[in-house]
Amino acid sequence: MIKRLDKLLIDLPKPEHPDANAAAAVQELLGGKFGEMSTLNNYMYQSFNFRSKKKLKPFYDLVASITAEEFGHVELVANTINNMIEGTTFTADPDMQPMQNAKDKRNTYHFIDTAQTSRPMDSMGAPWKGEYVFNSGNLILDLLHNFFLECGARTHKMRVYEMTENPVAREMIGYLLVRGGVHVVAYAKALEIATGVDMTKMVPIPNLSNKAFDYARKYEDQGIHRKLYTFSDTDYQDIDKIWKGTHPEDGKPVEVIRGAPQGAPIPDYPEIPEEFAPGISHEDFLEIAKRLQRSAGI
């Protein structure tokens, strides 16, 4: 089970201007083949289907704990997309075409299918596919795939980072470059323990340090690239059998943190009348409040 907290992993800045076309590019980091939905579902099903959990507990704990973090990554990218789209349209009478700006945006799904929010799709609007999940049942093969998947995800984040200067997108990408780098090294360390092959000599892939990115550098300076979270107060503690020693890039000791990061508030998005969202007027809200009070016996 996943214990859910009503927080984002980091605080996202509020953009000065909407950037719906850049949000369409960021969709690749959510629902693309190497997006966060793929990392989440790959590790989730591998953890569900893991064989010999007790015998190979450190490896099971590693995959299971990273699964929980990936849920937060999906949530973070989705909120980034939402923030980037907000403000594209305006409130007015329907005949005034309050959504006229939407027709020229690259991904009209954001305006027609949802109320200017994220969807489980890639940058071209193709839906995320369950066939992206790789779960062979062979531990070495699955770990090797996960290493490759994280390197692919890192590559795509770097490319989208270079496509936009939007501060929300770059804040999110900077953080996920660092955290994705943690997962790359974690799977490399797991493969070394399982096979004796030092995969850490291959990182970083691509051959560019996270410190090259302004929005990632501050997280590296905080040492977040050396921390791996259990996302549980009591379980998955044996990840310290794998996440140990030093980080291959700076040579400093890595650290297992029990629990989850402190987190930051989740944005509360305002209503969009031209999208009929959420479709609850002030009068409706007052009536709902009365019903809630009655049901509570107040």
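What you see is a predicted model; the values in this text were computed from it and never measured.

Quick notes on the environment of Ile193
Right, so step 1: On the secondary structure map, Ile193 appears in helix α7 (residues 167-195).
Right, so step 2: In the structure, Ile193 is positioned 134 residues away from Phe59 in sequence and 9.8 Å away in space, judged by C-alpha atoms.
Right, so step 3: In this structure Ile193 touches Phe59, Lys241, Ile242 and Lys244, once residues within four positions along its chain are discounted.

Here's the deal with the nonpolar core
Inside soluble globular proteins, nonpolar side chains tend to come together where they are buried.
Right, so step 1: In this structure, Val26, Leu76, Val77, Met172 and Tyr175 are the most contacted members of the largest nonpolar core, which totals 37 residues.
Right, so step 2: Going through the elements one at a time, α1 (20-26), α2 (28-31), α3 (36-48), α4 (57-85), α6 (139-161), α7 and α8 (214-221) are the ones with two or more residues in this core.
Right, so step 3: With 8 residues, the single largest contributor to this core is α7.
Right, so step 4: Beyond its immediate stretch of four places on either side in the chain, Leu76 contacts Leu8, Ile10, Leu12, Met172, Tyr175 and Leu176.

Looking at empty space enclosed by the protein
Right, so step 1: On inspection of all chains with the given rule, the structure shows 2 cavities of 30 Å³ or more.
Right, so step 2: Quantified by volume, the largest cavity comes out at close to 100 Å³.
Right, so step 3: If you trace the largest cavity, you find 14 residues lining it, with Arg154, Gly181, Pro204, Asn210 and Glu249 closest to the centre.
Right, so step 4: The dominant element in the lining of the largest cavity, judged by the number of residues it contributes, is α7, at 5 residues.
Right, so step 5: Taken together, the residues of the lining of the largest cavity sort by class into 7 nonpolar, 4 polar and 3 charged.
Right, so step 6: In this structure, the second largest cavity encloses a volume near 30 Å³.

Thoughts on the UniProt feature "binding site: Ca(2+)" (unreviewed entry) in the protein
Right, so step 1: Here, the residues flagged by UniProt with the feature "binding site: Ca(2+)" (unreviewed entry) are Asp61 and Ser232. On the basis of their most widely separated C-alpha atoms, the annotated residues across 172 residues gather in one place, lying no more than 10.5 Å apart. From this annotated list, the subset lining the largest pocket comprises Ser232.
Right, so step 2: Looking at the element boundaries, Asp61 is found in helix α4.
Right, so step 3: Each residue touching Asp61, except ones within four places of it in the same chain, is listed here: Tyr236, Gln237, Asp238 and Ile239.
Right, so step 4: Take Ser232: it is sitting in the loop between β1 (227-229) and β2 (255-257).
Right, so step 5: Ser232 sits in the buried class, given a relative accessible area of 13%.
Right, so step 6: Filtering out sequence-adjacent residues up to four positions away, Ser232 remains in contact with Gln237, Arg258 and Gly259.

Conventions used here
- Residues numbered from 1 in each chain as written.
- Predicted model: local features only at pLDDT ≥ 70, side-chain atom pairs only at ≥ 80, totals over all residues.
- Heavy atoms only, no water.
- Helix = DSSP H or I, 4+ residues; strand = E, 2+ residues; numbered from the N terminus.
- Contact = heavy atoms within 4.5 Å.
- Core = buried A, V, L, I, M, F, W, Y, C linked by side-chain atoms within 4.5 Å.
- Buried < 20%, exposed > 50% of the residue type's maximum accessible area, 1.4 Å probe, protein only.
- 1 Å grid on protein atoms, 1.4 Å probe; cavity = no way out; pocket = protein on both sides within 12 Å on 5 of 7 lines; lining within 4 Å.
- Points joined across faces, edges and corners; volume = space filled by probe spheres on them.
- Nonpolar A, V, L, I, M, F, W, Y, C, P; charged D, E, K, R; others polar.
- UniProt positions renumbered as here; feature names shortened; annotations may be inferred.

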